[in-house]
Amino acid sequence: MASEKTSAERMPALPADGLTEAQAAAAAAFEAERGVPVFGPFVPLLRSPELMLCASRMGLYLRYGSALPLRISEFAILIVARDWSQPVEWAIHHPIALKAGVAPETAQAVAEGRRPDTMSADEALAYAFSTELMRNRAVSDATYAAVVARFGEQGAIDLTGINGYYALLAMTMNVARTAVPEGGSAPLPPLVG
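In this text, all values refer to a predicted model and were calculated from it rather than measured experimentally. (Residues numbered from 1 in each chain as written. Predicted model: local features only at pLDDT ≥ 70, side-chain atom pairs only at ≥ 80, totals over all residues. Heavy atoms only, no water.)

Colleague: Could you clarify how one ought to interpret the packing of helix H5 (residues 70–83) against helix H6 (residues 87–100) in this entry?
Modeller: Packed helices, taken two at a time, are described by the angle between their axes plus the distance between the axes. Where H5 meets H6, the closest approach of the two axes is 9 Å, and the angle between their N-to-C directions is 150°. Taken together, the axis directions place H5 and H6 in an arrangement best described as roughly antiparallel. The handedness of the crossing between H5 and H6 is left-handed. From H5, Leu-70, Arg-71, Glu-74, Ile-77, Leu-78, Val-80 and Ala-81 reach across to H6, where they touch Glu-89, Trp-90, His-93, His-94, Ile-96, Ala-97 and Ala-100. (Axes fitted to C-alpha atoms, helices over the stretch in contact; angles between N-to-C directions. Helix = DSSP H or I, 4+ residues; strand = E, 2+ residues; numbered from the N terminus. Parallel < 35°, antiparallel > 145°, perpendicular 65-115°, else oblique. Left-handed = near helix turned anticlockwise from the far one by under 90°. Contact = heavy atoms within 4.5 Å.)

Colleague: Can you walk me through the environment of Ala-145 in this structure?
Modeller: Within the secondary structure, Ala-145 sits in helix H9 (residues 141–176). Between the C-alpha atoms of Ala-145 and Arg-177, which are 32 residues apart in sequence, the distance is 38 Å.

Colleague: It is not clear to me how helix H2 (residues 21–34) should be interpreted in this structure. Could you clarify?
Modeller: An α-helical turn contains 3.6 residues, so a residue and the one three or four places further along point in the same direction. With 14 residues, H2 extends 20 Å between its outermost C-alpha atoms, agreeing within 8% with the 20 Å of an ideal straight helix rising 1.5 Å per residue. Inspection of H2 places Gln-23, Ala-26, Ala-27 and Phe-30 among the buried residues, and these make up the whole buried set. Buried residues of H2 fall within an arc of 100° about the axis and therefore sit on the same side. When the buried face of H2 is taken as reference, the exposed residues oriented beyond 90 degrees from it are Glu-21 and Ala-32. The secondary structure elements touched by the buried residues of H2 are helix H3 (42–45) and helix H4 (49–64). (Expected span 1.5 Å × (residues − 1). Buried < 20%, exposed > 50% of the residue type's maximum accessible area, 1.4 Å probe, protein only. Arc of directions from axis to C-beta.)

Colleague: Help me understand the layout of surface pockets in this model?
Modeller: With a probe scaled to a water molecule rolled over the atoms, the places where space remains empty come into view. In this structure, the largest pocket encloses a volume near 200 Å³. In this structure, the largest pocket is lined by 15 residues; those nearest its centre are Arg-34, Phe-39, Arg-63, Ile-92 and His-93. Looking at the lining of the largest pocket, its residues break down into 10 nonpolar, two polar and three charged. Estimated volume of the second largest pocket: approximately 160 Å³. (1 Å grid on protein atoms, 1.4 Å probe; cavity = no way out; pocket = protein on both sides within 12 Å on 5 of 7 lines; lining within 4 Å. Points joined across faces, edges and corners; volume = space filled by probe spheres on them. Nonpolar A, V, L, I, M, F, W, Y, C, P; charged D, E, K, R; others polar.)

Colleague: Is there a simple way to explain the packing of aromatic side chains in this structure?
Modeller: Given two aromatic rings, their pairing is described by the distance between the two centres and the angle made by the two planes. One pass over the structure, following the stated rule, counts four aromatic pairs. The interplanar angle of 50° and the centroid separation of 4.9 Å between the aromatic rings of Phe-30 and Phe-42 together place this pair among those described as tilted. Of this pair, Phe-30 sits in helix H2 while Phe-42 sits in helix H3, and the two are 12 residues apart along the sequence. Side by side, Phe-30 and Phe-42 carry an identical accessibility label, which is buried. Both rings, one in Phe-39 and one in Phe-42, keep their centres 5.5 Å apart while their planes meet at 65°; by these two values the pair is edge-to-face. According to the relative accessible area criterion, Phe-39 is partly exposed, its value standing at 30%. Judged by its relative accessible area of 3%, Phe-42 is buried. Among the aromatic residues, ring-to-ring pairing joins Phe-30, Phe-39 and Phe-42 into one connected group. (Phe/Tyr/Trp six-rings, centres within 6.5 Å; stacked < 30°, edge-to-face > 60°.)

Structure (structure tokens):
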């Protein structure tokens, strides 16, 4: 089964001895900044070394420096992963979201493409904002005002950034057919209809 996943990948990991000078420098910078080798969406992004580094730095801010609590940012990432049917993004962020406090039944509803009944007030704001942005390509005045009242203008921009950034990563992995890591938790079921 692992070989089937690997053979379907369009952009698997590049061999270290086949990297260009720019790719090798970007891979080294990535590992120095993150403490781990290039992984997941950054494997195909390494084909464009500067884009990979810019994306990585944006991701570090959105994950660890944004105005939003980790639980809300991880919940938004799950919503994006579901919208793009991106199993790698889901496999990486599902356990992080649960550890950050997203209820398992809330994550399961998102996985099934349903609006969760078990969301906190903050999660409901993030859900409304994210789903409106993805489906309508805009956010209503009422939703925008509620998000700004709760998280401030920086929070509204950071939530927009999370949606856009993780959509970029999802698109990249969908194009590259990035394989789900071994032992990934809670597979993302296909949507019906």
